Amino acid sequence: MGERVTRPVLITGGGRRIGLALAHHFLNLQQPVIVSYRTRYAAIDGLERAGARCIAADFSTDNGILAFAETVKAHTDGLRAVLHNASAWIPEKSATSLSSVMQQMMQIHVNAPYLLNHALEPLLRGQGHAGGDIIHFTDYVVEKGSDKHIAYAASKAALDNMTRSFARKLAPEVKVNAIAPALILFNESDDAQYRQEALNKSLMKVAPGEKEIIDLVDYLLTSCYVTGRSFGVDGGRPLR
Ligand SMILES: NC(=O)C1=CN([C@@H]2O[C@H](COP(=O)(O)OP(=O)(O)OC[C@H]3O[C@@H](n4cnc5c(N)ncnc54)[C@H](OP(=O)(O)O)[C@@H]3O)[C@@H](O)[C@H]2O)C=CC1
Ligand SMILES: Nc1nc2c(c(=O)[nH]1)N=C([C@H](O)[C@@H](O)CO)CN2
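About the criteria used
Residues numbered from 1 in each chain as written. Chains lettered and ligands numbered in written order. Predicted model: local features only at pLDDT ≥ 70, side-chain atom pairs only at ≥ 80, totals over all residues. Heavy atoms only, no water. UniProt positions renumbered as here; feature names shortened; annotations may be inferred. Near = heavy atom within 4 Å. Polar contact = N/O pair within 3.5 Å; in protein donor to acceptor, adjacent residues only side chain to side chain. Helix = DSSP H or I, 4+ residues; strand = E, 2+ residues; numbered from the N terminus. Nonpolar A, V, L, I, M, F, W, Y, C, P; charged D, E, K, R; others polar. Buried < 20%, exposed > 50% of the residue type's maximum accessible area, 1.4 Å probe, protein only. Axes fitted to C-alpha atoms, helices over the stretch in contact; angles between N-to-C directions. Parallel < 35°, antiparallel > 145°, perpendicular 65-115°, else oblique. Left-handed = near helix turned anticlockwise from the far one by under 90°. Contact = heavy atoms within 4.5 Å. Areas by Shrake-Rupley, 256 points an atom, 1.4 Å probe, with all protein chains shown as cover. pLDDT = per-residue confidence, 0-100. Patch = residues over 30% accessible without salt bridge, like charges linked within 9 Å, V, L, I, M, F, W, Y side chains within 5 Å. Salt bridge = Lys/Arg side-chain N within 4 Å of Asp/Glu carboxyl O.

- As recorded in an unreviewed UniProt entry, the protein chain goes by the name Dihydromonapterin reductase, listed as coming from Scandinavium lactucae.
- Database annotation for the protein chain, UniProt heading Sequence similarities (unreviewed entry): "Belongs to the short-chain dehydrogenases/reductases (SDR) family. FolM subfamily."
- Recorded in UniProt under Function (unreviewed entry), the annotation for the protein chain is "Catalyzes the reduction of dihydromonapterin to tetrahydromonapterin. Also has lower activity with dihydrofolate."

Okay, here's the thing in structure tokens:
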């Protein structure tokens, strides 16, 4: 009997923070991992030493997205899951051009998942009932909007909607769900005042770190039934 090959988990934006933590989590479980990275941080060297397949990819153009998909197909005949983590959090105030902000936000949060889900669908199928998974990383602001990240919130809302569309298209072989975080990790540039204000916006008043996301990803991948749903990881922020 041929040995059953364990299909890799694909994580976009695996070079830092949540994507990097997810990659190491799966590698530590002896789960094969493919990551996309845009900037080659030293962490990418570490992932390669740990056995990950790391593929340089810039999703700012459709050609970049499609070229990445073709490289993935050249390296594997199947995928256990696709985790759409790659993202940019761009506020309108930083913008020289509002059109550019909206274009960038829709490109990374809508075009990339949309084109990759279609291109990689055949690799996710063929594993039996609920054998494949797609997880979209959205955001709590899908529910409430954002006055400072309008284009970001709109693009994440589109990604949230695509969760239900792809769930309908790919069931029952492939489950498609979304994770909608609020504050998980601060950025290094966040000063003490910002951090305190951000902590006060939730009921739980902590920035929990990557494990909150990892544990939910693990649950979603073990489910044989949950699809088309979004899971808030938000410390009760909607109730404030
Ligand atoms: N951190 C948090 O508190 C929260 C996170 N989230 C969501 O969780 C996910 C992970 O968050 P976090 O780890 O903070 O994300 P980061 O913003 O720290 O990292 C996102 C990754 O996406 C990559 N990326 C951005 N633009 C492109 C592009 N055009 N092409 C290819 N790769 C790109 C980045 O590459 P590079 O390093 O080269 O820029 C980076 O590695 C995101 O989807 C985010 O929106 C939602 C709410 C809260
Ligand atoms: N791609 C990113 N998206 C988001 C980030 C981030 O660092 N990168 N951070 C946040 C904030 O933590 C926000 O949830 C709380 O202020 C949102 N999205």
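Still more ground to cover, so stick around.
1. Quick notes on the site of ligand 1
Turning to step 1, where the next piece is worked out: Near ligand 1, the surroundings consist of 25 residues, among which Arg-17, Arg-38, Thr-39, Tyr-41 and Ile-184 are the closest.
Turning to step 2, where the next piece is worked out: In the environment of ligand 1, an oxygen atom lies 2.6 Å from a nitrogen or oxygen atom belonging to the side chain of Thr-39.
Turning to step 3, where the next piece is worked out: Take Tyr-41: an N or O atom from its side chain is 2.4 Å from an oxygen atom of ligand 1.
Turning to step 4, where the next piece is worked out: Counting residues per element, the ones that place at least two in the shell around ligand 1 are α1 (17-28) and α6 (150-170).
Turning to step 5, where the next piece is worked out: Looking at the shell around ligand 1, its residues break down into 13 nonpolar, six polar and six charged.

2. Topic: the environment of Glu-197
Turning to step 1, where the next piece is worked out: Its place among the elements puts Glu-197 in helix α7 (residues 192-199).
Turning to step 2, where the next piece is worked out: Overall, Glu-197 belongs to the partly exposed group, its relative accessible area being 42%.

3. Quick look at the packing of helix α3 (residues 62-75) against helix α4 (residues 98-124)
Turning to step 1, where the next piece is worked out: At their nearest, the axes of α3 and α4 sit 10 Å apart, and the two run at 30 degrees to each other. Relative to α4, the element α3 lies roughly parallel. For the crossing formed where α3 meets α4, the hand is right-handed. Residues Asp-62, Ile-65, Leu-66, Phe-68, Ala-69, Val-72 and Lys-73 of α3 touch α4, and the partners they reach there are Gln-107, Asn-111, Ala-112, Leu-115, Leu-116, Ala-119, Leu-120 and Leu-123.
Turning to step 2, where the next piece is worked out: Its residues assigned to classes, the contact of α3 with α4 shows 11 nonpolar, two polar and two charged.

4. Some thoughts on the site of ligand 2
Turning to step 1, where the next piece is worked out: Around ligand 2 sit Arg-17, Ser-87, Ala-88, Trp-89, Asp-139, Tyr-152, Ala-182, Leu-183, Leu-185, Asn-187 and Tyr-194, and that is every residue in its neighbourhood.
Turning to step 2, where the next piece is worked out: Measuring from an oxygen atom of ligand 2, one finds a side-chain N or O atom of Arg-17 at 3.0 Å.
Turning to step 3, where the next piece is worked out: Ser-87 places a side-chain nitrogen or oxygen 2.8 Å from a nitrogen atom of ligand 2.
Turning to step 4, where the next piece is worked out: Out of a free accessible area of 410 Å², ligand 2 has 80% covered by protein chains.

5. Brief notes about the confidence of the model for the protein chain
Turning to step 1, where the next piece is worked out: Averaged over all residues, the pLDDT of the protein chain equals 97, while 98% of them reach at least 70.
Turning to step 2, where the next piece is worked out: Reported for the predicted complex are a pTM of 0.98 and an ipTM of 0.99.

6. A closer look at a nonpolar patch on the surface
Turning to step 1, where the next piece is worked out: A cluster of nonpolar side chains, contributed by Leu-203, Met-204, Val-206 and Leu-239, occupies part of the molecular surface with about 440 Å² of accessible area.
Turning to step 2, where the next piece is worked out: Structurally, Val-206 is set in the loop between α7 and α8 (211-222).

7. Overview of the pattern of salt bridges
Opposite charge on two side chains makes pairing possible when the charged atoms of those side chains draw close.
Turning to step 1, where the next piece is worked out: Within this structure, the stated rule accounts for 11 salt bridges.
Turning to step 2, where the next piece is worked out: Between Asp-147 and Lys-148 there is a salt bridge; the shortest N-O distance is 3.7 Å.
Turning to step 3, where the next piece is worked out: By relative accessible area, Lys-148 is classed as exposed at 54%.
Turning to step 4, where the next piece is worked out: Salt bridges sharing common partners tie together Glu-121, Arg-125, Lys-169 and Glu-173.

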